[in-house]
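Secondary and tertiary structure notes
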Amino acid sequence: LYPSLPDTLATHFSFTGSPDSYAQKSFFVVFFIPILQSVLTALFFFLYANPQYMHIPSSMLVHLLPEPYRAHIFAVFRKTISAVGVLVNILFTYIGLAILASATGEAFLNPWIIFGLVALLIAVAFVSSLSSWHIVHEAIHRHHFVEKK
């Protein structure tokens, strides 16, 4: 695939979906998105397996919650990581395909798909935050904020 690509590749697209910035073909230009996608996917797998390492403002608070609440929040974190991982991979795959398509003279990047995916990412973050807040609020309301030893 690499040898068959043209010497100049699109690296940015306008709001209309047409390429508006180009770069000379190089290993970095061609493989940056797939490598970044792979690194992020590995990070998502790590965070899914170890949700306690997610850096969130309330991460210290989560460790103070009794086990049932902590397990529930970690389940929310895992669902969030799964959804974000899928959406980010779809986004990067779509952009990578758009770059390859523009190399053959076909421009198919639809900015509304990009905006839709970003909106979904924001919605996932909002729902996750709201769910986490609800769990913490319930724990505080029931006076189970700190584990009894």
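Residues numbered from 1 in each chain as written. Predicted model: local features only at pLDDT ≥ 70, side-chain atom pairs only at ≥ 80, totals over all residues. Heavy atoms only, no water.

A few words now on the packing of helix α3 (residues 67-103) against helix α4 (residues 111-141). Where α3 meets α4, the axes come as close as 10 Å, and the angle between the chain directions of the two elements is 175 degrees. The orientation of α3 with respect to α4, classified from their angle, is roughly antiparallel. (Axes fitted to C-alpha atoms, helices over the stretch in contact; angles between N-to-C directions. Helix = DSSP H or I, 4+ residues; strand = E, 2+ residues; numbered from the N terminus. Parallel < 35°, antiparallel > 145°, perpendicular 65-115°, else oblique.)

At a minimum axis separation of 10 Å, helix α1 (residues 27-49) and α3 run at an interaxial angle of 175 degrees. Accordingly, the angle class assigned to the pair α1 and α3 is roughly antiparallel. Between α1, through Ile33, Leu36, Gln37, Leu40, Thr41, Phe44, Leu47, Tyr48 and Ala49, and α3, the contact on the second element is made entirely by Arg78, Ile81, Ser82, Val84, Gly85, Val88, Asn89, Phe92, Thr93, Ile95 and Ile99. (Contact = heavy atoms within 4.5 Å.)

Turning our eyes to something else, we now look at the environment of Ser102. Mapped onto the secondary structure, Ser102 falls in helix α3. Dropping the residues within four chain positions of it, Ser102 is found in contact with Ala10, Phe13 and Pro19.

Now for α4. End to end, α4 covers 44 Å across 31 residues, agreeing with the expected 45 Å (1.5 Å per residue, within 8%). Listed in full, the buried residues belonging to α4 are Pro111, Ile114, Leu117, Leu121, Val124, Ser128, Ser132, Ile135, Val136 and Ala139. Measuring from the backbone nitrogen of Trp112 back to the side-chain oxygen at the start of α4 gives 2.9 Å, which picks out Asn110 as the cap. (Expected span 1.5 Å × (residues − 1). Buried < 20%, exposed > 50% of the residue type's maximum accessible area, 1.4 Å probe, protein only. Polar contact = N/O pair within 3.5 Å; in protein donor to acceptor, adjacent residues only side chain to side chain.)

On to the nonpolar core, then. Here is a general trend for soluble globular proteins: nonpolar side chains tend to be buried in one another's company. Among the nonpolar cores identified, the biggest contains 30 residues, and Phe13, Leu65, Ile73, Phe77, Val84, Val88 and Leu109 are the most heavily contacted of them. Those elements giving two or more residues to this core turn out to be β1 (8-13), α1, α3 and α4. Element by element, the count of residues in this core is highest for α3, at 14 residues. Setting aside residues up to four positions removed in sequence, Val84 forms contacts with Phe44, Leu121 and Val124. (Core = buried A, V, L, I, M, F, W, Y, C linked by side-chain atoms within 4.5 Å.)

In this model, the chain carries a mean pLDDT of 86, and residues with pLDDT of at least 70 account for 91%. The least confident element of the chain is helix α2 (residues 59-64), whose mean pLDDT is 70; the most confident is α1, at 92. (pLDDT = per-residue confidence, 0-100.)

Taken as a whole and judged by the stated rule, the model has six aromatic pairs. Ring geometry for Phe74 versus Phe77: centroids 6.1 Å apart, planes at 50 degrees, classification tilted. One end of the pair, Phe74, and the other, Phe77, are both in helix α3, three residues apart, so they sit about a helical turn from each other. Take Phe74: its relative accessible area is 14%, and that puts it in the buried class. (Phe/Tyr/Trp six-rings, centres within 6.5 Å; stacked < 30°, edge-to-face > 60°.)

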